[in-house]
Amino acid sequence: QVKCIYIDPPYNTGNENWVYNDAVNSQEMQDWLGQVVGKEAEDLSRHDKWLCMMYPRLVLLREFLRDDGMLFVSIDENEVAYLRVARSQNLIHVV
């Protein structure tokens, strides 16, 4: 187990002109959401889709951490409120 993890996920700004599609709207994401969430994924907002993408990753990362470990997530105001949802599940502490 590790003591520190730092991640820099897509900020989900809606900007599709970056090196990668920052809108979390790629066909790969749509296919994955269809498999994991089902038909309901068609009605999700881009923020809901982002959280669907992040949540299983945060669960997995938490398993790698020691009890006294820290997980740092670089994020901006677009998704910080949604990231706090993960905090409510005791996965992370948002400051």
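Scroll up a little and you will see the structure.
Computed from a predicted model, the values in this text were never measured in an experiment. Residue positions are counted from 1 within each chain, in the order its sequence is given. With the structure being a predicted model, the display of local features is reserved for residues of pLDDT at least 70 and the display and counting of side-chain atom pairs for 80 or more, all residues being used for whole-chain, interface and lining totals. Note that the side-chain values use all heavy atoms of the structure and ignore hydrogens as well as water.

Colleague: How should the pattern of salt bridges be read in this particular structure?
Modeller: Between side chains of opposite charge, pairing is possible as soon as their charged atoms come close. For salt bridges, the criterion is a side-chain nitrogen of Lys or Arg within 4 Å of an Asp or Glu carboxyl oxygen. In this structure the tally under the stated criterion is two salt bridges. Residue Lys-3 pairs with Asp-68 through a salt bridge whose shortest N-O separation is 3.8 Å. Taken together, the positions of Lys-3 in strand β1 (residues 2–7) and Asp-68 in strand β2 (residues 65–73) put the pair 65 residues apart, joining distant regions of the chain. Summary of the burial criterion: residues with accessible area below 20% of their type's maximum are buried, those above 50% are exposed, and those between are partly exposed, where the area comes from a 1.4 Å probe applied to protein chains only. On the basis of relative accessibility, which here comes to 42%, the residue Asp-68 falls in the partly exposed class. Measuring nitrogen to oxygen at the nearest pair gives 3.0 Å for the salt bridge that ties Asp-68 to Arg-66. Here the residues in one salt-bridge network are Lys-3, Arg-66 and Asp-68, joined through shared partners. Under the scheme used here, helices are H or I runs from DSSP no shorter than 4 residues and strands are E runs no shorter than 2 residues, and both carry numbers assigned from the N terminus.

Colleague: Honestly, the packing of helix α1 (residues 27–36) against helix α2 (residues 46–64) in this entry has me stumped. Any pointers?
Modeller: Two packed helices can be described by the angle between their axes and the distance between those axes. Angles shown run from 0 to 180 degrees and are taken between the N-to-C directions of axes, each axis being a line fitted to C-alpha atoms and, for helices, limited to the stretch in contact. Remark: α1 packs on α2, axes separated minimally by 11 Å, with the N-to-C direction vectors making an angle of 75°. Classed by the angle they form, the pair α1 and α2 counts as roughly perpendicular. Mapping the contact onto sequence places Met-29, Gln-30, Trp-32 and Leu-33 in α1 and Lys-49, Cys-52, Met-53 and Pro-56 in α2. For this classification, Asp, Glu, Lys and Arg are treated as charged, while Ala, Val, Leu, Ile, Met, Phe, Trp, Tyr, Cys and Pro are nonpolar and the rest, including Gly, are polar. Looking at side-chain class alone, the contact of α1 with α2 contains six nonpolar, one polar and one charged residues. When describing relative orientation, an angle under 35 degrees is termed roughly parallel and one over 145 degrees roughly antiparallel, while 65 to 115 degrees is termed roughly perpendicular and anything else oblique. Pairs of residues are marked as contacts when any of their non-hydrogen atoms sit within 4.5 Å.

Colleague: What is the right way to look at the nonpolar core in this model?
Modeller: Taken as a class, soluble globular proteins show a tendency for nonpolar side chains to be buried jointly. By convention a nonpolar core is built from buried Ala, Val, Leu, Ile, Met, Phe, Trp, Tyr and Cys residues, the set being connected through side-chain atoms within 4.5 Å. In terms of nonpolar packing, the biggest core is built from 14 residues, with Ile-5, Ile-7, Met-54, Leu-58 and Leu-71 touching the most fellow members. Secondary-structure elements contributing two or more residues to this core are β1, α1, α2, β2 and α3 (80–88). Element by element, the count of residues in this core is highest for α2, at five residues.

Colleague: Whenever I open this one, a nonpolar patch on the surface confuses me. Can you help?
Modeller: A contiguous nonpolar surface patch, about 270 Å² in accessible area, is contributed by Val-2, Leu-60 and Phe-64. Here Val-2 shows up in strand β1. For patch detection, residues must exceed 30% relative accessible area and be free of salt bridges, and they are connected within 9 Å for like charges or within 5 Å for nonpolar side chains (Val, Leu, Ile, Met, Phe, Trp, Tyr). In these tables, accessible area is a Shrake-Rupley quantity obtained with a 1.4 Å probe, and a residue counts as shielded only by the protein chains included in the view.

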